[in-house]
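This is what each chain is made of:
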2 protein chains.
Amino acid sequence: MRAAITLFARKGFDATPVREIADAAGVTTGALYHYFATKEDLLVEVYRQMQGGQRLRMEAIADSDLPLREKLHAIISDVVESTIADLDEAVVFFQSFHLLSPRVREMVRGERRGYHDRVKALIEEGQREGTFRSDVPATLAVSYHFGAVHRLGLWYHPDGPLSAEEVARHFADLTLSSLTP
Amino acid sequence: MRAAITLFARKGFDATPVREIADAAGVTTGALYHYFATKEDLLVEVYRQMQGGQRLRMEAIADSDLPLREKLHAIISDVVESTIADLDEAVVFFQSFHLLSPRVREMVRGERRGYHDRVKALIEEGQREGTFRSDVPATLAVSYHFGAVHRLGLWYHPDGPLSAEEVARHFADLTLSSLTP
DNA sequence: CCCGACATACCGAACGCTCGGTATGGTCGG
DNA sequence: CCGACCATACCGAGCGTTCGGTATGTCGGG
């Protein structure tokens, strides 16, 4: 499983033969197909893991009684740090989306829409109470800032000069200051 | 050529057989291979077209004598509007990067790095003269904001409620206000 | 004006190979 | 001795690419 994620992240799902995954994991294709019915199931597993945790943590923050700005700060920080913590998973997540079968893709998309709408609601709340600027549509702001976060996996390098915490803090800063009235 | 881009954007490069491209273009595979040596050359053509134009327009703006904030505003607007104008190309551009052969990939990466560094230099200039805030690394800000722009192709829909100009204006607004001291 | 010589544009069947998946049989703990 | 677990050998579909061949100009010498 971990072997599969590493290979998918490095070479892409399509370009990784099942035999190579099996070799890297120290088993044979027979064993692999004993546990996973299809190659796609390996990919589906990645999506389930990622989405479950992130959604739960985001909702815990959103439902807390922090001030709005701090909620948003915490949400962005969390998603940045968890993306960096599981960088390979994140790369696979965003790079292989279009290879999923239509049914799975729709489920993933729905889950993501739920996440998006929850954050959007937070921003709209802030716009009503004057915490956030109102001259930009909330949904566009969400797409903008999470777009930035989702590209993280393609340029961040753990050996670089920036630690995960620094990136998380800066990202949250940029998001908040862009929404300040 | 246009047929190929449409198919690549919809199904992905890997999942599009050469025969299908040929059919969509109303020719045969023989004819196609008369003009393109390999399937990858079709993809390379997409990258050349995109990068050439964007780089030229960005440098024209960067070298102009507009104030810094207006330069940045114009650059973001330009890249958003051209992304939306050629949405299929943009989708292919960001979705197929990891399928390029190492040689081509390095060339594309180098070109992108040039673009990145030029914009970074603009922001650093603004930081020195006090136009932009200095408590965030310029290169991180560039990655952040262009990350947001590069995800555009995955959620923007031309039939949606937002016109290309509106998105461009809002994106540039968000970028600038996040960098205001 | 015509004819042979050559170049360019194109066709589409076939090749070689890789891949995801399966069928079969062995092994071992309970 | 049985069923869960797994190794091995194999299948057939699908892929990018090749290649022998044809059709359609182009052009210079007689």
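A quick note: this is a predicted structure, and the numbers were derived from the prediction, not measured. (Residues numbered from 1 in each chain as written. Chains lettered and ligands numbered in written order. Predicted model: local features only at pLDDT ≥ 70, side-chain atom pairs only at ≥ 80, totals over all residues. Heavy atoms only, no water.)

(A) Here's a closer look at the overall build of chain A. Tallying secondary structure elements over chain A gives 10 helices and 0 strands in all. Written out in order from the N terminus, the α and β elements of chain A read α-α-α-α-α-α-α-α-α-α. If you line up chain A on its principal axes, its C-alpha atoms span 60 × 40 × 25 Å. Across the 181 residues of chain A, 48% fall into the buried class. (Helix = DSSP H or I, 4+ residues; strand = E, 2+ residues; numbered from the N terminus. Buried < 20%, exposed > 50% of the residue type's maximum accessible area, 1.4 Å probe, protein only.)

(B) Main features of the protein's contact with DNA strand D. Residues in contact with DNA strand D amount to 14 residues; listed here are only the nearest, T28 and Y35 of chain A together with V18, Y33 and K39 of chain B. When the atoms of DNA strand D within 4 Å of the protein are grouped by moiety, sugar and phosphate amount to 68% of the total. A distance of 2.4 Å is found between a phosphate oxygen of DNA strand D and a side-chain nitrogen or oxygen belonging to Y33 of chain B. At the level of elements, α3 (29-35) of chain A together with α2 (18-25) of chain B are the ones that each hand at least two residues to the surface near DNA strand D. (Near = heavy atom within 4 Å. Polar contact = N/O pair within 3.5 Å; in protein donor to acceptor, adjacent residues only side chain to side chain.)

(C) The UniProt feature "domain: HTH tetR-type" (unreviewed entry) in chain A, seen in detail. Listed under "domain: HTH tetR-type" (unreviewed entry) in the UniProt record, and renumbered for this structure, are residues 1-54 of chain A. As annotated, residues 1-54 of chain A has a helix share of 76% and a strand share of 0%, and its two end C-alpha atoms lie 20 Å apart. (UniProt positions renumbered as here; feature names shortened; annotations may be inferred.)

(D) Looking closely at the protein's contact with DNA strand C. Taken together, 15 residues lie near DNA strand C, and R19, Y33 and K39 of chain A together with T28 and Y35 of chain B sit nearest. In DNA strand C, the atoms that sit within 4 Å of the protein are 63% sugar and phosphate, with bases accounting for the remainder. Here a phosphate oxygen of DNA strand C and a backbone polar atom of V18 of chain A are 2.8 Å apart. K39 of chain A is positioned such that a nitrogen or oxygen atom in its side chain is 2.5 Å from a phosphate oxygen of DNA strand C.

(E) Local environment of the packing of aromatic side chains. Applying the stated criterion across every chain, the model contains 14 aromatic pairs over all chains. With a centroid separation of 4.6 Å and 35° between ring planes, the pair formed by Y47 of chain A and F93 of chain A is classed as tilted. Pair noted here: Y47 of chain A is in helix α4 (residues 39-62) and F93 of chain A is in helix α6 (residues 87-95), with a separation of 46 residues, a long-range link. Residue classification places Y47 of chain A among the buried residues on the basis of a relative accessible area of 2%. Judged by centre distance (6.4 Å) and plane angle (40°), the rings of W155 of chain A and F171 of chain A are tilted. Linking W155 of chain A in helix α9 (residues 152-155) with F171 of chain A in helix α10 (residues 164-179), this pair joins segments that are 16 residues apart in sequence. Classification of F171 of chain A as buried rests on a relative accessible area of 0%. Within the aromatic cluster, the residues linked to one another by ring pairs are Y144 of chain A together with W155, Y156 and F171 of chain B. A cation over a ring is seen here: K39 of chain A above F13 of chain A, with NZ or CZ 4.4 Å from the ring centre. (Phe/Tyr/Trp six-rings, centres within 6.5 Å; stacked < 30°, edge-to-face > 60°. Lys NZ or Arg CZ within 6 Å of the ring centre and 35° of its normal.)

(F) The arrangement of the side chain of H98 of chain B in detail. Inspection of the secondary structure puts H98 of chain B in the loop between α6 (87-95) and α7 (102-128). The exposure class of H98 of chain B is buried, given its relative accessible area of 19%. Once residues within four sequence positions are removed from consideration, H98 of chain B is found in contact with K11, G12 and Q95 of chain A together with R105 of chain B. (Contact = heavy atoms within 4.5 Å.)

(G) Structural detail: the packing of helix α1 (residues 2-11) of chain A against α6 of chain A. Residues and elements named next belong to chain A. Two numbers describe how α1 lies on α6: the axes approach to 8 Å, and their chain directions differ by 60°. With respect to each other, α1 and α6 are oriented oblique. When the axes of α1 and α6 are compared, the crossing they make is left-handed. Packed against α1, whose contacting residues are R2, I5, T6, F8 and A9, the element α6 presents D88, E89, V91, V92 and Q95 at the interface. Of the residues that constitute the contact of α1 with α6, the class distribution is 5 nonpolar, 2 polar and 3 charged. (Axes fitted to C-alpha atoms, helices over the stretch in contact; angles between N-to-C directions. Parallel < 35°, antiparallel > 145°, perpendicular 65-115°, else oblique. Left-handed = near helix turned anticlockwise from the far one by under 90°. Nonpolar A, V, L, I, M, F, W, Y, C, P; charged D, E, K, R; others polar.)

(H) Representation of the relation of the copies chain B and chain A within the structure. Each copy superposes on the other: chain B lies on chain A with an RMSD of 0.1 Å after a rotation of 180° and an axial shift of 0.0 Å. The operation mapping one copy onto its partner corresponds to a two-fold rotation axis. Mapped onto chain A, 100% of the interface residues of chain B are again interface residues, and the two copies thus contact each other with one and the same surface. (Least-squares fit on C-alpha atoms with pLDDT ≥ 70 in both.)

(I) Geometry of the nonpolar core. Formed by 72 residues in total, the largest nonpolar core has its most connected members in V80, V167 and F171 of chain A together with V80, V167 and F171 of chain B. Once residues lying within four places of it in the same chain are set aside, the contact partners of F171 of chain B are L140 and Y144 of chain A together with I76, V80, A148, V149, L152 and W155 of chain B. (Core = buried A, V, L, I, M, F, W, Y, C linked by side-chain atoms within 4.5 Å.)

(J) Focus on α7 of chain B. Residues and elements named next belong to chain B. For α7, which comprises 27 residues, the first-to-last C-alpha distance of 38 Å matches the rise-based estimate of 39 Å (1.5 Å per residue) to within 8%. Within α7, the full set of buried residues consists of V104, V108, Y115, H116, V119, L122, I123, G126 and Q127. Its buried side turned inward, α7 meets α4 (39-62), α5 (68-85), α6, α8 (138-150) and α10 (164-179). Immediately downstream of α7, the backbone of G130 shows phi near 85°, a positive value. (Expected span 1.5 Å × (residues − 1).)

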